[in-house]
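Examining the three-dimensional arrangement
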Amino acid sequence: MKLLVLSRKPTIYSTRRLREAARLEGHACLCVDPLRCVLYLENGRARVKIAGEEVAGVDAIIPRIGTYAVEYGLAVARHFEMMGVPVLNPSAAISIAKNKWECLQLLTENGIPVPPTVMMRFPSHLMDTVGDLGGPPVILKLLRGTQGAGVILAESNEAAESMMDTVWSLGEDIMVQKFIAEARGKDVRALVIGGEVVAAMRRVAKEGDFRSNIHRGGVGLRIELSQEMKDLAVRAASLVGLHVAGVDILESNRGPLVLEVNASPGFQGLEEATDRDIAVEMVQQAVKLAERRRLGPVSPAI
Ligand SMILES: Nc1ncnc2c1ncn2[C@@H]1O[C@H](COP(=O)(O)OP(=O)(O)OP(=O)(O)O)[C@@H](O)[C@H]1O
Ligand SMILES: [Mg+2]
């Protein structure tokens with residue numbers, strides 16, 4: 001098979017591992033920066049050129065879309081879909097996962113428990129909101145966060161107000177979330193591939209931080225998930241429409257709460273914590289999609 005990994009940084013761990021895994025499985029694999037893809041809509045059809053060459057004969061795409069130029073990355077993924085190439089994950093699903101609010105709306109609508117969360121756009125609504133969430137501290141989250149960078153703990157009403165004012169003045173949206181203090185800087189990352197949890201770890205924040213992201217110095221420890229947690233992760237991924245998803249779950253006094261669903265989860269921490277070859281599993285999933293595609297149209301469901 002001929003696989004194409006869309007990634008802005010060919011040297012980062014996950015991208016490098018995907019290329020290695022594809023070769024190990026006997027496939028040709030090219031890694032391309034999505035920004036180098038030139039998209040054509042012409043004479044009623046879509047085509048893509050890379051470095052002046054027409055792209056043809058690709059069996060599946062593995063998009064790794066980070067936070068920079070998300071719209072362009074999604075447009076590229078969508079273009080390949082128009083050309084009939086299966087994309088792991090579908091562009092529509094990535095688009096939902098990239099917007100934390102939209103994702104929480106979808107999960108709530110389908111009965112998945114999430115932390116109490118509020119969105120507003122006027123400073124005058126803030127105090128009331130913080131009160132409704134049980135008072136400070138509260139968590140503030142940019143709708144398009146990344147690796148913990150857009151997640152802030154506001155210790156007081158004043159801190160929340162000044163942070164939100166700054167964000168609003170930049171034209172960004174931000175949501176306020178109840179701080180789940182009992183999670184104590186720990187969460188669970190479950191990796192779902194093809195409707196199954198293939199690996200999971202507990203992430204523990206570094207001293208003094210409440211964010212357990214590995215990129216923020218958190219440490220990952222392998223865990224075996226309960227069936228309830230597995231079902232929750234699989235359902236969350238499938239509702240968003242993702243074949244591959246990193247589902248973040250907080251353990252609260254009310255039970256597990258889904259924090260977010262990541263469409264391009266990094267997997268270095270998970271491979272190190274679990275000894276699983278996640279890259280190979282992702283490649284196999286892409287190949288499965290390509291094989292299904294050859295047999296008939298790709299169904300949006302998993
Ligand atoms: N409501 C909350 N209560 C307690 N801790 C939280 C809460 N929300 C987030 N955290 C902590 O902060 C970390 C980062 O939050 P979250 O997963 O929502 O954003 P992110 O990882 O920055 O987003 P992205 O994966 O899109 O880059 C979580 O893994 C968790 O440890
Ligand atoms: Mg996260």
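The text that follows walks through the structure, step by step, so that each part is easy to find. Numbers given to residues run from 1 along each chain, matching the order in which its sequence is written. Chain labels run from A onward and ligand labels from 1 onward, assigned in the order the entries are written. Only residues with pLDDT of 70 or above have their local features reported here, since the model is predicted, and side-chain atom pairs are shown and tallied only from 80 upward, although totals for entire chains, interfaces and linings are computed over all residues.

Some words on the pairing of strand β15 (residues 255–262)
In summary, the side chains of a regular strand alternate between the two faces of the sheet. So the rule is basically this: Burial is judged by counting other C-beta atoms within 10 Å of a residue's own C-beta: 20 or more means buried, 12 or fewer means exposed, and anything between counts as partly exposed, with every C-beta placed from the backbone. Strands here mean DSSP runs of E at least two residues long; helices mean DSSP runs of H or I at least four residues long; both are numbered from the N terminus. Being paired, for any two strands, means DSSP has found at least two bridges between them.
When you tally the buried positions in β15, you get 6 out of 8 residues, the bulk of the element. Judged from the 7 bridges that link them, strand β14 (residues 244–252) and β15 form a sheet pairing that is antiparallel. Its bridge partner lying in β15, Ile249 is registered against Val258. A loop of 2 residues connects β14 with β15, the two strands running antiparallel in sequence.

Thoughts on the sheet that holds strand β8 (residues 138–142)
We count it as follows: The angle between two axes is taken between their N-to-C directions and runs from 0 to 180 degrees, where each axis is a line fitted to C-alpha atoms and a helix contributes only its stretch in contact.
Pairing is antiparallel across the open sheet formed by 4 strands, whose spatial order is β7-β10-β8-β9. The open sheet has two free edges, formed respectively by β7 (117–119) and β9 (151–154), since each of these has just one partner strand. Shown here is a sheet whose adjacent strand axes are inclined to one another by a mean of 25 degrees, direction ignored. Bridge count for β7 against strand β10 (residues 174–178) is 3 bridges, and the pairing is antiparallel.

A few points about the sheet that holds strand β3 (residues 37–42)
Pairing within the open sheet is antiparallel, and its 3 strands lie in the order β3-β4-β5. Edge positions in the open sheet fall to β3 and β5 (53–54), since each of these has one partner strand only. Relative to β5, strand β4 (residues 45–50) is paired through 2 bridges, and the arrangement is antiparallel. The partner of Lys49 across the bridge, within β5, is Glu54.

Quick notes on unusual backbone geometry
In the segment running from Leu88 into Asn89, the intervening peptide bond is cis, with an omega of 20 degrees. The amide bond that connects Pro136 to the next residue, Pro137, takes the cis arrangement and shows omega of 0 degrees. For Pro137, the location among the structural elements is in the loop between α5 (126–132) and β8. Here the phi dihedral of Arg184 falls at roughly 45 degrees; this positive angle occurs in a residue that is not glycine. Structurally, Arg184 can be placed in the loop between β10 and β11 (186–193). Its identity is not glycine, yet Asp275 carries a phi of approximately 65 degrees, on the positive side. Inspection of the secondary structure assignment puts Asp275 in the loop between α8 (268–274) and α9 (278–295). For Asp275, a count of 9 C-beta atoms within 10 Å corresponds to the exposed category.

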